[in-house]
Amino acid sequence: MEALLKRELGCSSVKAMGHSGGGCISQGQSYDTDKGRVFVKVNHKAEARRMFEGEMASLTAILETGTVRVPKPIKVLEAPGGGSVLVMEHLDMQSLSSHAATLGAQLADLHLENRRRGEALHKEAGTVGKGAERVERPFVDQFGFDVVTCCGYLPQVNDWQQDWVTFYARQRIQPQIDMLERGSGDREARELWSALQLKIPDLFRDLDIVPALLHGDLWGGNVAEDASGPIIFDPASFYGHSEYELAIAGMFGGFSSNFYSAYHRQIPRAPGFQQRLQLYQLFHHLNHWNHFGSGYRGSSLSIMRDLVR
């Protein structure tokens, strides 16, 4: 690995540090180089390049908003022995605690950034002589992302769609149901999903949903802080409904009331929020079922039963 980093990063010295880590998907190791400290994620699966390229694009997109801090991505490389490597900035992170409210406010800023950009561009367009020489990132008026991203190691369909309900049903839940069908052919899941599809549009009546850039996998294990403030990492980004972000955040804990209060001061809960949160949590329960097995079958079916009542 040291030789690979020297060659690809143009370093003359690379030394592994004691900082290492990893989850159920990839392993990580920090290295000191003469160009700064880096963190290297390694995954030896054949699909790892697709996963890491999606993560790099996600980190880059969040970084460009200037709202919430993420590790700066550097490069995706071929791993020695097969698979791929993602090299990024090393950050000394610890568990989120004192900066929880700041994260809530910054996450709301992230979710509002595209809307605010659209409003600013619209205002400039109506002002003679203003903004003509400025180069702005374009306003995103659809739901999706330019590249495939992975929630866990399973790819997400990010094809651009004009309608959020269509995007969520066809490109988030349906692929999970299709995977279950291929894996176990679960009849009850298929029947409940058929019934639920008819109910979904009712959950979104009178909502004006502007595409928001999402982290996409914001559970307690993907947030942290250092002395300067909060950090989020391991994203699976796309442009979607801001409420989607809070689904997995509420499933496994790790977020205090200060976080939610700060977030909802900027983005208040809209009518029907709780039911939509259940709908969004359904994706994560199905995704865990497809990743880790039938231990998540009961919770997945329970959510669908609740929503079709």
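How each quantity is defined
- Residues numbered from 1 in each chain as written.
- Predicted model: local features only at pLDDT ≥ 70, side-chain atom pairs only at ≥ 80, totals over all residues.
- Heavy atoms only, no water.
- UniProt positions renumbered as here; feature names shortened; annotations may be inferred.
- Helix = DSSP H or I, 4+ residues; strand = E, 2+ residues; numbered from the N terminus.
- Rg over C-alpha atoms; globule rule 2.2 N^0.38 Å.
- Buried < 20%, exposed > 50% of the residue type's maximum accessible area, 1.4 Å probe, protein only.
- Contact = heavy atoms within 4.5 Å.
- Areas by Shrake-Rupley, 256 points an atom, 1.4 Å probe, with all protein chains shown as cover.
- Lys, Arg positive; Asp, Glu negative; His and termini not counted.
- Charge placed at Lys NZ, Arg CZ, Asp CG, Glu CD.
- Salt bridge = Lys/Arg side-chain N within 4 Å of Asp/Glu carboxyl O.
- Core = buried A, V, L, I, M, F, W, Y, C linked by side-chain atoms within 4.5 Å.
- Phe/Tyr/Trp six-rings, centres within 6.5 Å; stacked < 30°, edge-to-face > 60°.
- Expected span 1.5 Å × (residues − 1).
- Polar contact = N/O pair within 3.5 Å; in protein donor to acceptor, adjacent residues only side chain to side chain.

- The protein is annotated in an unreviewed UniProt entry as protein-ribulosamine 3-kinase from Camelus ferus.
- Annotation of the protein in UniProt includes, under Sequence similarities (unreviewed entry), the sentence "Belongs to the fructosamine kinase family."

## Digging into the overall build of the protein
- Check the secondary structure of the protein and you find 9 helices and 11 strands.
- A compact globule built from 309 residues should have a C-alpha radius of gyration of about 19 Å, and the protein, at 20 Å, falls within 12% of that.
- C-alpha extents for the protein along the principal axes are approximately 65 × 60 × 35 Å.
- Relative to its full complement of 309 residues, the protein shows a buried share of 50%.
- If you take every contact in the protein between residues at least 6 apart in sequence, the share linking residues at least 24 apart comes to 64%.
- Accessible surface for the protein amounts to roughly 14600 Å². Of this, 49% is attributable to carbon and sulfur atoms.
- Computed over 32 positive and 36 negative side-chain charges, the inter-centroid distance for the protein is 1 Å.

## What about the pattern of salt bridges?
- On inspection of all chains with the given rule, the structure shows 19 salt bridges.
- The shortest N-O distance in the salt bridge between R49 and E53 comes to 2.8 Å. Here E53 and R49 lie together in helix α2 (residues 48-65), a separation of 4 residues that amounts to about one turn.
- Given the relative accessible area of 39%, E53 is considered partly exposed.
- Of the charged contacts in the structure, one is a salt bridge between E113 and R117, with a shortest N-O distance of 2.7 Å.

## Digging into the nonpolar core
- In this structure, W164 and F204 are the most contacted members of the largest nonpolar core, which totals 60 residues.
- Aside from chain neighbours lying at most four places away, what touches W164 is F143, F204, I209, F238, G240, H241 and Y280.
- By size, the runner-up hydrophobic cluster in this structure holds 13 residues, among which are L4, L9, V40 and V85.

## Some points on the packing of aromatic side chains
- According to the stated counting rule, one finds 16 aromatic pairs in the structure shown.
- The interplanar angle of 70° and the centroid separation of 6.1 Å between the aromatic rings of W164 and Y280 together place this pair among those described as edge-to-face. Placement of W164 in helix α4 (residues 164-183) and of Y280 in helix α8 (residues 273-292) is noted, with a sequence separation of 116 residues between them.
- Classification of W164 by relative accessible area gives buried; the value is 3%.
- Under the relative-accessibility criterion, Y280 is labelled buried at 0%.
- For the pair F167 and F238, a centre-to-centre distance of 5.6 Å together with 25° between the ring planes defines the contact as stacked. Of this pair, F167 sits in helix α4 while F238 sits in strand β11 (residues 238-240), placing them 71 residues apart in sequence. The exposure classification of F167 matches that of F238, with both residues buried.
- One aromatic cluster is present, built from ring pairs that chain together F143, W164, F167, Y168, F204, F238, Y244, Y280 and F283.

## Thoughts on α4
- Spanning 20 residues, α4 covers 28 Å between terminal C-alpha atoms, matching the ideal 28 Å at 1.5 Å per step.
- For α4, the capping residue at the N-terminal end is D163, with a side-chain oxygen 3.4 Å from the backbone nitrogen of V165.
- In the segment just after α4, G185 is the residue with positive phi, at about 60°.

## Some thoughts on the environment of R269
- With respect to the helices, strands and loops of the structure, R269 is situated in the loop between α7 (257-266) and α8.
- Taking C-alpha positions, R269 is 8.6 Å from E243, a pair spaced 26 residues apart along the chain.

## Regarding α7
- Within α7, the full set of buried residues consists of F259, A262, Y263 and H264.
- Looking at the buried side of α7, the elements it contacts are α3 (100-125), α6 (245-249) and α8.

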